[in-house]
Amino acid sequence: GLRLEDTCLLAWGCVDWEKMLVKATPEKTKRFGTEVSIPITTELENVLRKAKTWKQNEFVLPNLAKRYRSNPCGVSQDYCWLLRKAGIVTTQKRAGRVGQTVKSFHSLRHTFVSRLAEKGVSPLVIQSMSGHSSMLMTERYSHIGLEAKRRALGEKIESEKTPQIPDESGTKKKLDAVKSLLELKKDRTPLEEALLALL
């Protein structure tokens with residue numbers, strides 16, 4: 001949920017191992033004194049512990065911090081290049097503009113806020129993790145998807161629907177045939193004995 005600058009320049013001093021939190025004051029909202037606290041999940045803990053093995057200075061991502069300080073636009077452009085390599089469209093024509101950026105590193109921030117909102121997380125909690133200066137900004141970042149809206153109305157989405165039970169008559173015939181063959185066999189292996197017991 002951090003902005004590009006705050007991610008690139010994240011210092012080890014922001015990682016609170018005792019409370020398992022990342023605490024940072026975002027550059028953009030520093031004037032408001034807003035601090036964000038993001039719980040360290042198991043997955044993030046694994047990544048951070050691995051990053052400690054290459055610790056060179058105060059930055060969690062030392063090479064990225066160095067590159068960002070010398071060329072912040074270059075880091076952003078590299079990320080967009082990676083998106084394009086993954087087949088994700090990053091620019092499109094909008095209102096007569098050619099090549100307006102529609103996907104970038106900042107899109108991850110929108111996704112972070114939207115996913116939390118779709119899970120029903122309190123807007124106050126989302127605001128505290130994103131560091132938004134106002135609830136209005138948090139609402140602006142919350143792009144609620146159609147699936148979340150359907151869930152809110154009690155409708156099951158496709159991935160949650162109970163799978164249809166296939167026609168069992170054909171399957172039963174095949175299992176009965178396997179059972180008959182195993183029963184006819186004289187020297188059955190222990191695996192075949194166990195399979196026969198299941199059938």
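Above this text you will find the structure in question.
Described below are features of the structure shown in this document.

Analysis parameters
Residues numbered from 1 in each chain as written. Predicted model: local features only at pLDDT ≥ 70, side-chain atom pairs only at ≥ 80, totals over all residues. Heavy atoms only, no water. Core = buried A, V, L, I, M, F, W, Y, C linked by side-chain atoms within 4.5 Å. Buried < 20%, exposed > 50% of the residue type's maximum accessible area, 1.4 Å probe, protein only. Helix = DSSP H or I, 4+ residues; strand = E, 2+ residues; numbered from the N terminus. Contact = heavy atoms within 4.5 Å. Salt bridge = Lys/Arg side-chain N within 4 Å of Asp/Glu carboxyl O. Pairing = 2+ DSSP bridges.

It is worth spelling out the nonpolar core at this point. For soluble globular proteins, the rule of thumb is that nonpolar side chains tend to be buried together. Within the largest apolar cluster, 19 residues are counted, with the highest numbers of intra-cluster contacts made by L10, W12, V15, L48 and V60. Within the residue set of this core, elements represented by two or more residues are β2 (21–24), β3 (36–39), α2 (42–52), α5 (106–118) and α6 (123–130). Not counting the four nearest positions on each side in its chain, W12 is found in contact with W17, L48, A51, K52, K55, N57, E58, F59 and V60. In this structure, L4, Y68, L83 and F105 belong to the second largest nonpolar core, which totals 7 residues.

Within this structure, the stated rule accounts for 4 salt bridges. We note a salt bridge from E27 to K30, for which the minimum N-O separation is 2.8 Å. The partly exposed category is assigned to E27, whose relative accessible area is 37%. A salt bridge links E45 to R49, with the shortest nitrogen-to-oxygen separation between them at 3.0 Å. Placement of both E45 and R49 in helix α2 is noted, with a separation of 4 residues, approximately one turn of the helix. E45 sits in the partly exposed class, given a relative accessible area of 21%.

Only one face of β3 is covered, namely the one carrying V36 and I38; the face carrying S37 and P39 has none of its residues buried. Inspection of the sheet shows β2 paired to β3 by 4 bridges, in the antiparallel sense. Counted as the bridge partner of A24 is V36 from β3.

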